[in-house]
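Structure at a glance
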Amino acid sequence: MNPVSATRQNAIDEIQETDQNFSILSEKQGMAKAFTTYAANDVIKLNDGAAPAVGFDSLRVQMSRLPANGPVLTWQVLKTDAAQSGELGYTFGQWMLIKKDAAGKRTAQYGVYMTVWKRQRNGLWRFVIDGGNSTPEPK
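The following paragraphs examine the structure supplied in this document. Here the structure is a predicted model, which is why all the values come from computation and not from measurement.

A few points about the overall build of the chain
Helix and strand counts for the chain stand at three helices and six strands. Ordering the α and β elements of the chain from the N terminus gives α-α-β-β-α-β-β-β-β. Computed over its C-alpha atoms, the radius of gyration of the chain comes to 16 Å, within 12% of the 14 Å expected for a compact globule of 139 residues. Seen along its three principal axes, the alpha-carbon backbone of the chain occupies a region of about 60 × 35 × 25 Å.

Quick look at the pattern of salt bridges
Scanning all chains against the criterion turns up five salt bridges. Between K45 and D130 there is a salt bridge; the shortest N-O distance is 3.4 Å. Highlighted residues: K45 in strand β1 (residues 39-47) and D130 in strand β6 (residues 125-135), separated in sequence by 85 residues. Note on accessibility: K45 and D130 belong to one class, buried.

Some thoughts on the nonpolar core
Among the nonpolar cores identified, the biggest contains 24 residues, and F22, F35, L59, L73, W75, W117 and F127 are the most heavily contacted of them. Elements with a contribution of two residues or more to this core: α1 (3-29), α2 (31-38), β1, α3 (56-64), β3 (72-82), β4 (88-100), β5 (106-119) and β6. Those residues in contact with W75 that sit more than four places away from it in its chain are D19, F22, S23, S26, F35, Q94, W95 and Y113.

Conventions we followed
Residues numbered from 1 in each chain as written. Predicted model: local features only at pLDDT ≥ 70, side-chain atom pairs only at ≥ 80, totals over all residues. Heavy atoms only, no water. Helix = DSSP H or I, 4+ residues; strand = E, 2+ residues; numbered from the N terminus. Rg over C-alpha atoms; globule rule 2.2 N^0.38 Å. Salt bridge = Lys/Arg side-chain N within 4 Å of Asp/Glu carboxyl O. Buried < 20%, exposed > 50% of the residue type's maximum accessible area, 1.4 Å probe, protein only. Core = buried A, V, L, I, M, F, W, Y, C linked by side-chain atoms within 4.5 Å. Contact = heavy atoms within 4.5 Å.

This is how it looks when you write it as structure tokens:
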């Protein structure tokens, strides 16, 4: 593998692992913790039916409104790619949001997402754009 291909493949592997760890954190510690841990300072979080959160402070405020024992969001990466430079990439996948009503009955919503990742100066991957939409249940 030539050096450019190796750089790109290394970035793809790192981004995929980061995205998977992001979902695991969301499941274990909640959406607010996960999104504020993995967001870049210049993040743009697209929101279905609402204005986007632009910048980390806006995202933090948005996430602080989520209930502590609120819905559980998890996702699965279906595709990952990166620029040859190894500095920018994206993930695409399916998400599932589990909610409980007042009686404790669980319901699920499904959708797809797209996240753009950027390598930070410290070498860590953080998302700079994230968004998605609802879909029917996958079959």
